[in-house]
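Descriptive structure summary
For reference, the chains in residue letters:
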Amino acid sequence: DQQVKQNSPSLSVQEGRISILNCDYTNSMFDYFLWYKKYPAEGPTFLISISSIKDKNEDGRFTVFLNKSAKHLSLHIVPSQPGDSAVYFCAAYNTDKLIFGTGTRLQVFP
Amino acid sequence: ETGVTQSPTHLIKTRGQQVTLRCSSQSGHNTVSWYQQALGQGPQFIFQYYREEENGRGNFPPRFSGLQFPNYSSELNVNALELDDSALYLCASSFDRGLSTEAFFGQGTRLTVV
C-alpha cells in the first residue's frame with residue numbers, strides 16, 4: 001500500500017518557467033511533509049517542509065502548498081533553473097520515520 | 001556539508017552471502033535511520049537506532065539487522081542475501097529520533113546481489 005504517491009514519474013520544463021511537482025497521500029493522520037531533492041550518486045537532500053497547520057510554505061524559489069481536504073501537496077519552483085534537474089521525492093513524517101513517494105524526475109532544459 | 005558518510009559506496013555479493021554496511025552520523029546526531037531504495041522506487045524505511053537501541057522497524061524480515069555504537073555510528077547487516085536485496089541503501093542521521101525532521105542522508109551504498 002503506497003501511502004505517499006507521486007503519479008508523474010517525469011517532468012520536463014523550460015528554464016525560467018514554473019515547475020510544479022505533485023504528491024498525494026492517503027493517511028489523514030500525517031501532519032508533516034517534506035520534499036527532498038536527489039542527484040545521481042548522492043543521497044537525498046532536504047529542500048522544504050510544511051506542517052499540516054499551514055497551507056503554504058515558501059523558501060526562495062521553492063514553495064510548497066498543502067491541501068489537507070484533498071490530501072494533496074505540490075512543490076512549485078519558480079523560476080526553474082538547469083541546476084534544478086534532479087529527482088524530487090515527497091515524504092510524510094510518521095512516528096520517527098519518513099514515508100517516501102516514488103519520485104519525480106525533473107529536467108529543466110535551456 | 002551533511003557529514004554523513006557511508007561505506008562502501010558499491011558492493012557486489014553473491015546470493016546467500018552476508019553483508020555489512022556502515023554509516024557515520026553527523027556530529028551531534030544521536031539517531032540513525034536506514035532506508036532501502038530499489039530501482040524506480042522511493043526509499044523504504046528499514047529501521048531506526050536511537051542511543052544504541054532499535055527504535056522502530058519497517059516491513060523487513062529479521063535477516064535485516066543493525067547496530068548503533070556509542071559514537072552513534074551504525075551498521076546494517078543483511079544475512080542470506082537474495083537477488084531482490086539489490087538496491088541503494090541509505091542512512092540518515094538526525095537528532096533525537098528525527099523530531100527535528102530534517103534528517104541528513106549519506107550518499108548511499110549500492111548493493112548488487114548476483
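Data block above holds the structure.
Let us look at the structure shown here.

Procedures and definitions
- Residues numbered from 1 in each chain as written.
- Chains lettered and ligands numbered in written order.
- Predicted model: local features only at pLDDT ≥ 70, side-chain atom pairs only at ≥ 80, totals over all residues.
- Heavy atoms only, no water.
- Helix = DSSP H or I, 4+ residues; strand = E, 2+ residues; numbered from the N terminus.
- Rg over C-alpha atoms; globule rule 2.2 N^0.38 Å.
- Buried < 20%, exposed > 50% of the residue type's maximum accessible area, 1.4 Å probe, protein only.
- Contact = heavy atoms within 4.5 Å.
- Areas by Shrake-Rupley, 256 points an atom, 1.4 Å probe, with all protein chains shown as cover.
- Salt bridge = Lys/Arg side-chain N within 4 Å of Asp/Glu carboxyl O.
- Pairing = 2+ DSSP bridges.
- Buried area = accessible area lost by both parts, 1.4 Å probe.
- Polar contact = N/O pair within 3.5 Å; in protein donor to acceptor, adjacent residues only side chain to side chain.
- Nonpolar A, V, L, I, M, F, W, Y, C, P; charged D, E, K, R; others polar.

Some details on the overall build of chain B
Counting its secondary structure elements, chain B contains zero helices and eleven strands. Ordered by position in the sequence, the α and β elements of chain B form the string β-β-β-β-β-β-β-β-β-β-β. A globule of 114 residues ought to have a C-alpha radius of gyration of about 13 Å, and chain B, at 13 Å, matches this closely. Along the first, second and third principal axes, the C-alpha atoms of chain B reach 40 × 25 × 25 Å. Out of the 114 residues in chain B, the part that is buried amounts to 49%. Pairs at least 24 apart in sequence give 55% of the contacts found in chain B among residues at least 6 apart. Summing over all exposed atoms, chain B offers an accessible surface of approximately 5400 Å²; the carbon and sulfur share of this is 49%.

Considering the pattern of salt bridges
All chains considered together, the criterion is met by six salt bridges over all chains. The salt bridge involving Asp84 of chain A is made with Arg61 of chain A; its shortest N-O contact spans 2.8 Å. Of this pair, Asp84 of chain A sits in the loop between strand 8 (72–77) and strand 9 (86–94) while Arg61 of chain A sits in the loop between strand 6 (56–59) and strand 7 (62–67), and the two are 23 residues apart along the sequence. According to the relative accessible area criterion, Asp84 of chain A is buried, its value standing at 2%. Residue class for Arg61 of chain A comes out partly exposed when judged on its relative accessible area of 22%. Between Glu54 of chain B and Arg57 of chain B there is a salt bridge, and its shortest N-O distance comes to 3.4 Å. Through salt bridges that share partners, Arg63, Glu82 and Asp85 of chain B make up one connected network.

Structural notes on the sheet that holds strand 6 of chain A
Across the sheet, five strands lie side by side as 1-3-8-7-6 (chain A); this open sheet has antiparallel pairing. Two strands bound the open sheet, and with one partner strand each, they are strand 1 (4–5) and strand 6 of chain A.

Brief notes about the pairing of strand 9 of chain A
All names here are of chain A. Among the nine residues of strand 9, nine are classified as buried, and the element is accordingly described as predominantly covered. Of the strand pairs in this sheet, strand 9 and strand 11 (residues 104–109) are connected by three bridges, and their pairing is antiparallel. Along strand 11, the bridge assignment pairs Val87 with Arg105. With four bridges joining them, strand 9 and strand 10 (residues 97–100) adopt antiparallel strand pairing.

Digging into the environment of Val113 of chain B
Residues and elements named next belong to chain B. Note that Val113 resides in strand 11 (residues 109–113). For the pair Val113 and Leu11, spaced 102 residues apart in sequence, the C-alpha to C-alpha distance is 8.5 Å. Not counting chain neighbours up to four residues away, the residues in contact with Val113 comprise Lys13, Thr14, Arg15, Leu81, Glu82, Leu83, Asp85 and Ser86.

What about the interface of chain A and chain B?
Listed per partner, the contact involves 18 residues of chain A and 20 residues of chain B. Both sides together, the interface formed by chain A and chain B hides about 1500 Å², and carbon and sulfur atoms give 58% of it. Along the contact surface separating chain A from chain B lie zero salt bridges. Summed over the shared surface of chain A and chain B, the result is three residue pairs in polar contact (both at pLDDT 80 or more). For the side of chain A that touches chain B, the secondary-structure elements that each account for two or more residues are strand 4 (32–38), strand 5 (45–51), strand 9 and strand 10 of chain A. A total of four residues in the side of chain A that touches chain B trace back to one element, the largest contributor, which is strand 4 of chain A. Split into classes, the residues belonging to the side of chain A that touches chain B amount to ten nonpolar, four polar and four charged.

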